[in-house]
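Per-entry structural report
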Amino acid sequence: MQSLIAENNEKRKLLNKENKKIYEDMLMYVRLSYKKSEAETEEVLMELLDHLLILQHEGKDASELFGTDPKQYADEIVGELPQVITKKVIMLFFMGVFYFLGVATFVNGLVSSILSYGFGQLESNETYYIGTLSVNTLLSLGIAFLVVCGVIRYISWTCFRNVSKVFELLVTGIVFGTLPFCIFLALFYFMPSFGPSITIELYWLILIGICFYLLGNVFKRKA
């Protein structure tokens, strides 16, 4: 699998500017169909690249292979690929979950510890309510999952299109940045406290965040 990807990366360097642009759009669009067999996806992409290189050598352009509507051609390829949820996809899912929890917990603990121990702005410990924490965590993971899916959809949408940098900056900044951040803040601010409580020192959040991150690394290696 990795050898196919490496070979693809090398062969793409032989494409001219126009063919490289349309092929890389095709490659990105097909690879983002993550529910498809990765092995067969890479084999199909390599076959397309080989055909395109032959056409280029003969002085023909990409339309000879992909037709006048490359996106439709890509949709046909994706539709023919077998659908499968691989072990790698599952491992990457759990990797993302633990990375998200690790980074969020670590940053929270680090900032809170600095404000508490460095500037005396916060108490040195924090009380958490298990019910509230569980609901906030599940909702936060759900929002993060939707953001990731949205990013994938957006990248797929930009394939075969010339999107202005200003538009791209506005969409990614507002839809995938500012809006989710505001929702996260609203969750933690408006969610009522309920369930059993636990009080811990703020620096423990840093250690817990590191543990979550290390668990993410374990799933990354298994992927």
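Below, the structure is looked at part by part. Computed from a prediction, not measured in an experiment: that's the story for all the values here. (Residues numbered from 1 in each chain as written. Predicted model: local features only at pLDDT ≥ 70, side-chain atom pairs only at ≥ 80, totals over all residues. Heavy atoms only, no water.)

**Focus: the side chain of Thr-41**
If you trace the backbone, Thr-41 turns up in helix H3 (residues 38-57). Dropping the residues within four chain positions of it, Thr-41 is found in contact with Val-30, Lys-36 and Leu-81. (Helix = DSSP H or I, 4+ residues; strand = E, 2+ residues; numbered from the N terminus. Contact = heavy atoms within 4.5 Å.)

**A closer look at the nonpolar core**
Core analysis: the largest hydrophobic core is formed by 22 residues, its most contacted members being Tyr-23, Met-26, Val-30, Leu-48, Leu-52 and Phe-66. Sorting elements by how many residues they give to this core places H3 first, with seven residues. Within the second largest apolar cluster, five residues are counted, among which are Met-91, Met-95, Phe-98 and Phe-219. (Core = buried A, V, L, I, M, F, W, Y, C linked by side-chain atoms within 4.5 Å. Buried < 20%, exposed > 50% of the residue type's maximum accessible area, 1.4 Å probe, protein only.)

**Describing helix H8 (residues 165-190)**
Its 26 residues place the ends of H8 36 Å apart at the C-alpha level, agreeing with the 38 Å of an ideal helix rising 1.5 Å per residue. Along H8, the residues that are buried comprise Val-171, Pro-180, Phe-184 and Leu-187. Those residues of H8 that are buried are in contact with helix H6 (87-118) and helix H7 (130-158). (Expected span 1.5 Å × (residues − 1).)

**Some remarks on unusual backbone geometry**
In this model, Phe-160 sits at a positive phi of 70°, which is unusual for a non-glycine residue. Inspection of the secondary structure assignment puts Phe-160 in the loop between H7 and H8.

**Digging into the pattern of salt bridges**
Summed over all chains, the structure comprises nine salt bridges. A salt bridge links Glu-42 to Arg-31; the nearest nitrogen and oxygen atoms lie 3.0 Å apart. Placement of the pair is Glu-42 in helix H3 and Arg-31 in helix H2 (residues 17-31), with a sequence separation of 11 residues. Among the residues examined, Glu-42 registers a relative accessible area of 4% and is labelled buried. (Salt bridge = Lys/Arg side-chain N within 4 Å of Asp/Glu carboxyl O.)

**Points about the packing of H2 against helix H5 (residues 70-80)**
Running from N to C, H2 and H5 point in directions that differ by 35°, and their axes come no closer than 10 Å. At the point where H2 passes H5, the crossing takes the right-handed sense. Each of Ile-22, Met-26, Tyr-29 and Val-30 in H2 lies in contact with H5, whose residues at this interface are Pro-70, Lys-71, Tyr-73, Ala-74, Asp-75, Ile-77 and Val-78. For the contact of H2 with H5, the per-class residue count stands at nine nonpolar, no polar and two charged. (Axes fitted to C-alpha atoms, helices over the stretch in contact; angles between N-to-C directions. Left-handed = near helix turned anticlockwise from the far one by under 90°. Nonpolar A, V, L, I, M, F, W, Y, C, P; charged D, E, K, R; others polar.)

**A short note on the packing of aromatic side chains**
Taken as a whole, this structure holds 13 aromatic pairs when the rule is applied. Relative to Phe-219, the ring of Phe-98 lies with its centre 5.5 Å away and its plane at 5°, an arrangement referred to as stacked. Placement of the pair is Phe-98 in helix H6 and Phe-219 in helix H9 (residues 203-222), with a sequence separation of 121 residues. For the pair shown, Phe-98 and Phe-219 are each scored as buried. (Phe/Tyr/Trp six-rings, centres within 6.5 Å; stacked < 30°, edge-to-face > 60°.)

**Observations concerning the state of the cysteines**
Under the counting rule described, the total for this entry stands at zero disulfides. For Cys-149, which is in no disulfide, the shortest distance to another cysteine sulfur is to Cys-159 and amounts to 16 Å. Among the residues examined, Cys-149 registers a relative accessible area of 23% and is labelled partly exposed. (Disulfide = S-S within 2.5 Å.)

**Comments concerning the side chain of Ser-140**
By the secondary structure assignment, Ser-140 is in helix H7. Note on Ser-140: relative accessible area 5%, which makes it buried. Here Asn-136 takes part through its backbone oxygen, which lies 2.7 Å from a polar atom of the side chain of Ser-140. Dropping the residues within four chain positions of it, Ser-140 is found in contact with Phe-100, Phe-184, Leu-187 and Phe-188. (Polar contact = N/O pair within 3.5 Å; in protein donor to acceptor, adjacent residues only side chain to side chain.)

**Concerning the environment of Val-218**
For Val-218, the position within the fold is in helix H9. Measuring from C-alpha to C-alpha, the distance between Val-218 and Val-111 comes to 26 Å, with 107 residues separating the pair along the chain.

**A few points about H2**
For H2, which comprises 15 residues, the first-to-last C-alpha distance of 21 Å matches the rise-based estimate of 21 Å (1.5 Å per residue) to within 8%. Looking at H2, one finds that the buried residues are Asn-19, Ile-22, Tyr-23, Asp-25, Met-26, Leu-27, Tyr-29 and Val-30. For H2, the elements touching its buried residues are helix H1 (2-12), H3, helix H4 (63-66), H5 and H7. Its side-chain oxygen placed 3.3 Å from the backbone nitrogen of Glu-18, Asn-16 serves as the N-cap of H2.

Shape is all these values report; function is a separate question.
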